[in-house]
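Examination of the molecular architecture
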Amino acid sequence: MTVFLIPNLLKENAVPVARRAVQTLCACGARVLLPASVRGPMEGETAEFLEDAAAFDRCDVIVTVGGDGTILHAARRGLGYAKPLLGINIGRVGFLATVEADEMEKLERLVRGEYSFDRRSLLSVSVNGRNCFRQTALNDVVICKASAFRTIDVEISCDDIPVSHYMGDGVAIATPTGSTAYSLSAGGPVLDAHIAGVVVTPICAHSLHSPPMVFSAGRRLRVRVSAPMEAHALLSCDGREPETISCQDTVTVALSQQYISLICFNEADQFEAIDKKLRGR
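Residues numbered from 1 in each chain as written. Predicted model: local features only at pLDDT ≥ 70, side-chain atom pairs only at ≥ 80, totals over all residues. Heavy atoms only, no water.

1. Considerations on the pairing of strand S9 (residues 140-145)
For clarity, the cut-off: Burial classes follow relative accessibility: with a 1.4 Å probe on protein chains only, a residue under 20% of its type's maximum area counts as buried, one over 50% as exposed, and anything between as partly exposed. Helix and strand assignments follow DSSP, with helices taken as H or I runs no shorter than four residues and strands as E runs no shorter than two, numbered in order from the N terminus. Two strands are counted as paired when DSSP detects at least two bridges linking them.
Within S9, 5 of the 6 residues are buried, which leaves it mostly tucked inside the rest of the structure. Bridge count between S9 and strand S12 (residues 170-174): 5 bridges; the pairing is antiparallel. Counterpart to Val142 in the pairing with S12 is Ala172. Of the pairings in the sheet, the one linking S9 to strand S16 (residues 232-237) comprises 5 bridges and is antiparallel in character. Paired with Val142 across the strands is Ser236, a residue of S16.

Right, dumping it as C-alpha cells:
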C-alpha cells in the first residue's frame, strides 16, 4: 500500500504526530509519500517527498494530519484522482476524522486492509450572472449577507418551483456530511451520511415559517438573493474564502456526480462521532 500523508503544519503537534504516523505505516510495510513542501520539518523520515500531483497519482490512500479543514482541503485538491481519505485528528473537533492522535493502531488496520469505504456526496455549485464560476463542496454552500448590520431577501426554488422566501442572514445548503457543521449550528437536522439528499437551512430567518427543508438527490435548487441597500452578497463553499456575488445573480446547487470516499473502521463512525464530539462525551 502507498500512502500520501499530508500534515497541516499550521496545527500544533502536527510534526510529531506525522512522524509517528510515518513510522507506524512503514513498520507495517507501507510506502509513505510526503508533500515536497514539508521536506524541511519532516526531513529524516523514511518517506519519499513528491510534488502533490505526482503523489496523488501514485498513492492508494490519502491520510491527513490536522482537523476537518485539512480533510476538506485534501478532498478538494485530490478530487480528480478518486483516492480514499483518512483523517488523523489533531484539531478541535475533527468530526470527519476517524483516527485520533493516540489511535495509531488504526493505521495498522489500514495497511492490513481492515476497513471499509464510506461514500460521501458532493455539491455542485454554479453562479449565473456577472460573476460566473463553478465549485464543489463536501460540507456545504453558504450564501450570506455582506454587511453585518443588514439582512437579505432569500428566494429558494426547487426544480424551478418556488419553495421558500424569507428575510434573514442567508442560507446554508448542506450535504448529509455537512449537516453536522454550519447547518446544525443554524438549527438544521442531522442527516444520516448514507442518505442521498440535501438539507437547506435558513440562517437567522426573520420569520416564524421558515423551517429547514430536506430535498432528495435528484433535485436542483436555485437561490436568488436581493438586498435593497446592498449591491452584493457572499458565497462560500466548505468555509473557504467567500466569493462576492451580485444581488439578483442565481446560485444553482445540486448533488454532483462525483463523490468522496472516506475510510472508516466502523459502519457507525458517524454516530459515534455525534455521541463523542457533539455531545462532548
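2. Structural notes on unusual backbone geometry
Non-glycine residue Asn13 carries a positive phi angle of around 75 degrees. Mapped onto the secondary structure, Asn13 falls in the loop between strand S1 (2-7) and helix H1 (14-27). Classification of Asn13 by relative accessible area gives partly exposed; the value is 47%. For Asp238, which is not glycine, the phi torsion reads 55 degrees and is therefore positive. Topologically, Asp238 is positioned in the loop between S16 and strand S17 (243-246). The class of Asp238 is buried, set by a relative accessible area of 13%.

3. Describing the sheet that holds S17
In any sheet, the strands associate via hydrogen bonds between backbone groups, in a parallel or an antiparallel arrangement. What counts is decided by this rule: Axis lines are fitted to C-alpha atoms, over the contacting stretch for helices. Their N-to-C directions set the angle, which ranges from 0 to 180 degrees.
Strand order in the open sheet made by the 6 strands is S14-S13-S12-S9-S16-S17, with antiparallel pairing throughout. Across the chains shown, the open sheet's two edge strands, defined by having one partner strand only, are strand S14 (213-216) and S17. Pairwise comparison of adjacent strand axes, ignoring direction, gives a mean angle of 20 degrees for this sheet.

4. Observations concerning helix H4 (residues 68-77)
For the record, the criterion: Whether two residues are in contact is decided by their heavy atoms: any pair within 4.5 Å suffices.
Within H4, burial applies to Thr70, Ile71, Leu72, Ala74 and Ala75. Looking at the packing, one finds that the buried side of H4 touches S1, helix H3 (52-58), strand S4 (61-66), strand S5 (85-89) and strand S18 (250-264).

5. A short note on empty space enclosed by the protein
The condition is simple: Only protein atoms enter the 1 Å grid used here, on which a cavity is any set of points holding a 1.4 Å probe that cannot leave and a pocket is any open set flanked by protein within 12 Å on both sides along at least five of seven lines; residues with an atom within 4 Å of a point are listed as lining. Grid points are joined across faces, edges and corners, and a volume is the space filled by probe spheres set on the points. Each residue receives one of three labels: charged for Asp, Glu, Lys and Arg, nonpolar for Ala, Val, Leu, Ile, Met, Phe, Trp, Tyr, Cys and Pro, and polar for the others, Gly being one of them.
If you walk through the whole model with that rule in mind, you get 1 cavity of 30 Å³ or more. Computed from the structure, the largest cavity encloses a volume of approximately 70 Å³. Forming the boundary of the largest cavity are Leu72, Ala75, Arg76, Leu79, Leu122, Thr136, Ala137, Leu138, Asp238, Arg240 and Ile260. Secondary-structure elements contributing two or more residues to the lining of the largest cavity are H4 and strand S8 (133-137). In terms of residue count, the dominant contributor to the lining of the largest cavity is H4 (3 residues). Its residues placed into classes, the lining of the largest cavity shows 7 nonpolar, 1 polar and 3 charged.

6. A short note on the nonpolar core
Rules: For the purposes of this section, nonpolar cores are sets of buried Ala, Val, Leu, Ile, Met, Phe, Trp, Tyr and Cys residues that join through side-chain atoms within 4.5 Å.
Grouped together as the largest cluster of nonpolar side chains are 29 residues, with contacts concentrated most on Val171, Ile173, Val223, Leu235, Ile245 and Val251. Membership of the second largest hydrophobic core comes to 27 residues, among which are Ala30, Val65, Ile88 and Phe265.

7. Comments concerning the packing of aromatic side chains
Heads up, the condition is: Side-chain rings of Phe, Tyr and Trp (the six-membered ring for Trp) are treated as a pair once their centres are within 6.5 Å; stacked means planes under 30 degrees apart, edge-to-face means over 60, and tilted covers the remaining angles.
Summed over all chains, the structure comprises 3 aromatic pairs. Relative to Tyr81, the ring of Phe56 has its centre 5.4 Å away and its plane inclined at 20 degrees; by these criteria the two rings are stacked. You can see Phe56 sitting in helix H3 and its partner Tyr81 sitting in the loop between H4 and S5, a full 25 residues away along the chain. A connected cluster of aromatic rings, assembled from ring pairs, spans Phe4, Phe56 and Tyr81.

Function cannot be read off these values alone, since they describe shape.
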